[in-house]
Amino acid sequence: INAEYMGTVKRIIEMFRSFVIAKSRLTKSLGSTHLKYNYPRYLSTVNPKLRRGIDSEIALTESCAKRLNELREKHGESTMLRLAVDAGGCSGFKYAFTLTENTEDDDIVFERDGASLLVDEQSLIFLKGSVIDYSRDLIKAGFSVGSNPNADSSCGCKSSFSAKPTLFEPTAPTSPPVS
């Protein structure tokens, strides 16, 4: 077996793992029973209450917070930005930004200067350590993930990425806290 063949096999395995994770997320969002995975320790249980995120998990730039506050003035004070990671795009996963007024049970909220960003627990696996930005130039204006330490590579438009293989390595199971 030559090295080129093994490289191809490894890429196929990585793509399959990405597909399984994305399918699990989709199944969960549809409310069906889904396969259990060993998620990182900080995501071992679903918190029924809205959890406040910390800056080391996801940070918002000043321009992102400013634009979100402008949108809150236009659409209402309860307007928040939701960021999710979905399967697709030219690199395997894509960022999905939407405006919302509703939270879900597994949402984590990140705030800066009164502006709120919602991220679900599944997406946080792919986004932990990221910086969310808003930019406006001649070609386009919009929110983007300025830097993502979990991305192995990303496309030029900053709307999709391929995840680092280490995200798919199994972690030791965690036991629930003893009450």
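The present account deals with the structure reproduced in this document. These figures come from a predicted structure and were not determined experimentally. (Residues numbered from 1 in each chain as written. Predicted model: local features only at pLDDT ≥ 70, side-chain atom pairs only at ≥ 80, totals over all residues. Heavy atoms only, no water.)

### A closer look at the overall build of the protein
Thought 1: A count of helices and strands for the protein gives 3 helices and 10 strands.
Thought 2: Each helix and strand of the protein, ordered N terminal to C terminal, gives the series α-β-β-α-β-β-β-β-α-β-β-β-β.
Thought 3: The buried share of the protein, taken over its 179 residues, is 35%.
Thought 4: Here the analysis covers contacts within the protein between residues at least 6 apart in sequence; of these, 57% occur between residues at least 24 apart.
Thought 5: For the protein, the exposed surface amounts to about 11,100 Å²; the carbon and sulfur share of it is 55%. (Helix = DSSP H or I, 4+ residues; strand = E, 2+ residues; numbered from the N terminus. Buried < 20%, exposed > 50% of the residue type's maximum accessible area, 1.4 Å probe, protein only. Contact = heavy atoms within 4.5 Å. Areas by Shrake-Rupley, 256 points an atom, 1.4 Å probe, with all protein chains shown as cover.)

### Description of the side chain of Thr100
Thought 1: Summarising the element assignment, Thr100 is placed in strand E4 (residues 93–100).
Thought 2: Separated by 3.1 Å, the side chain of Thr100 and the backbone nitrogen of Asn102 make a polar contact.
Thought 3: The contacts of Thr100, once residues within four sequence positions are left out, are Ser78, Thr79, Met80, Arg82 and Leu118. (Polar contact = N/O pair within 3.5 Å; in protein donor to acceptor, adjacent residues only side chain to side chain.)

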